[in-house]
Amino acid sequence: MANSFKLELVTPLAKILSEEVEFIMLRTTEGDMGILPNHSPFVAGLATGEMKVRIKGKESFYYVSGGFVEISENIVTILADEAMDAKDIDLELAKKEAEIAKKKLEKANEDMEFINIQKKLTRALTKVKIAEKYL
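Below or above, wherever it landed, is the structure these notes cover. (Residues numbered from 1 in each chain as written. Predicted model: local features only at pLDDT ≥ 70, side-chain atom pairs only at ≥ 80, totals over all residues. Heavy atoms only, no water.)

**A closer look at the overall build of the protein**
Quick reminder of the rule: Numbering of helices and strands runs from the N terminus, with a helix taken as a DSSP run of H or I at least four residues long and a strand as a DSSP run of E at least two residues long. Each residue's exposure class comes from its accessible area (1.4 Å probe, protein chains only) as a fraction of the maximum for that residue type: buried when under 20%, exposed when over 50%, partly exposed otherwise.
For the protein, the count of helices and strands is 2 helices and 8 strands. Listed by position from the N terminus, the elements making up the protein come as β-β-β-β-β-β-β-β-α-α. With the C-alpha coordinates aligned to their principal axes, the bounding extent of the protein is approximately 55 × 30 × 25 Å. Classification of the 135 residues of the protein by burial places 39% in the buried group.

Laid out in structure tokens, this is it:
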């Protein structure tokens with residue numbers, strides 16, 4: 001039995017992480033999910049949230065939004081719309097994004113516009129929450 005597995009975290013713009021890890025906790029569209037070595041094959045949609053990764057006993061945290069996770073043969077591949085190390089989140093920028101989205105949300109008059117702005121607000125507030133936790 002392996003004590004670790006390969007994690008590939010990729011966005012359309014960059015490969016964020018490619019490491020042997022011991023544990024992952026992330027948020028799927030069905031709820032929070034923990035992944036350990038030798039996990040059975042699995043595919044799920046990703047929700048906006050925090051991802052915790054344990055590498056050599058040390059935990060790191062990431063912001064992940066949208067996309068998919070696939071588990072196959074001790075390899076976890078995460079194709080995310082957006083992802084970043086919690087340490088790389090610009091807290092002030094995230095707060096500004098949240099404020100802008102809140103103001104737009106108050107003025108939104110169409111259902112689709114409202115839904116899109118709500119998503120932007122959720123993403124910005126999640127970044128703020130994660131960044132504040134690890135400062």
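From this point, the narrative continues.
**Focus: helix α1 (residues 91–107)**
Think of an α-helix as 3.6 residues a turn; residues three or four steps apart then line up on the same face. Formally: The span one expects for a helix is its residue count, reduced by one, times 1.5 Å. Within this analysis, the arc is defined by the directions that extend from the helix axis to the C-beta atoms.
Look at α1: 25 Å from first C-alpha to last across 17 residues, which is about the 24 Å you get at 1.5 Å a residue. Every buried residue belonging to α1 is among Leu91, Ala94, Ala98, Ala101 and Leu105, and all of these are buried. Across the axial projection of α1, the buried residues extend over an arc of 85°, all falling on one side. Residues of α1 that are exposed and point over 90 degrees away from its buried face: Lys96, Lys103, Glu106 and Lys107.

**So, the layout of surface pockets**
Selection criterion: Space inside and on the surface of the protein is sampled on a 1 Å grid over the protein atoms alone, with a cavity defined as a set of points where a 1.4 Å probe fits but cannot get out and a pocket as an open set with protein on both sides within 12 Å along at least 5 of 7 lines; lining residues have an atom within 4 Å of a point. Grid points are joined across faces, edges and corners, and a volume is the space filled by probe spheres set on the points. Put simply, Ala, Val, Leu, Ile, Met, Phe, Trp, Tyr, Cys and Pro go in the nonpolar bin, Asp, Glu, Lys and Arg in the charged bin, and everything else, Gly too, in the polar bin.
A volume near 220 Å³ is recorded for the largest pocket. Lining of the largest pocket is provided by 13 residues; of these, Arg27, Gly49, Glu50, Lys129 and Lys133 occupy positions nearest its centre. Of all the elements in the fold, those that place two or more residues in the lining of the largest pocket are β3 (23–28), β6 (49–55) and α2 (111–133). Its residues placed into classes, the lining of the largest pocket shows 4 nonpolar, 3 polar and 6 charged. Each pocket or cavity is described by its volume, and for the second largest pocket that value is around 180 Å³. As for the second largest pocket, its lining consists of Glu82, Glu97, Ile100, Ala101, Lys104, Lys120, Arg123, Ala124 and Lys127.

**Notes on the environment of Ala80**
Cut-off, in case you're wondering: In what follows, residue pairs with any heavy atoms lying within 4.5 Å of each other are defined as contacts.
Considering the arrangement of structural elements, one finds Ala80 in strand β8 (residues 75–85). In this structure the C-alpha to C-alpha distance between Ala80 and Leu9, which are 71 residues apart in sequence, comes to 7.3 Å. When residues no more than four places from it in sequence are discounted, the contact partners of Ala80 are Leu9, Val10, Thr11, Pro12, Leu46, Val64, Ser65, Gly66 and Gly67.

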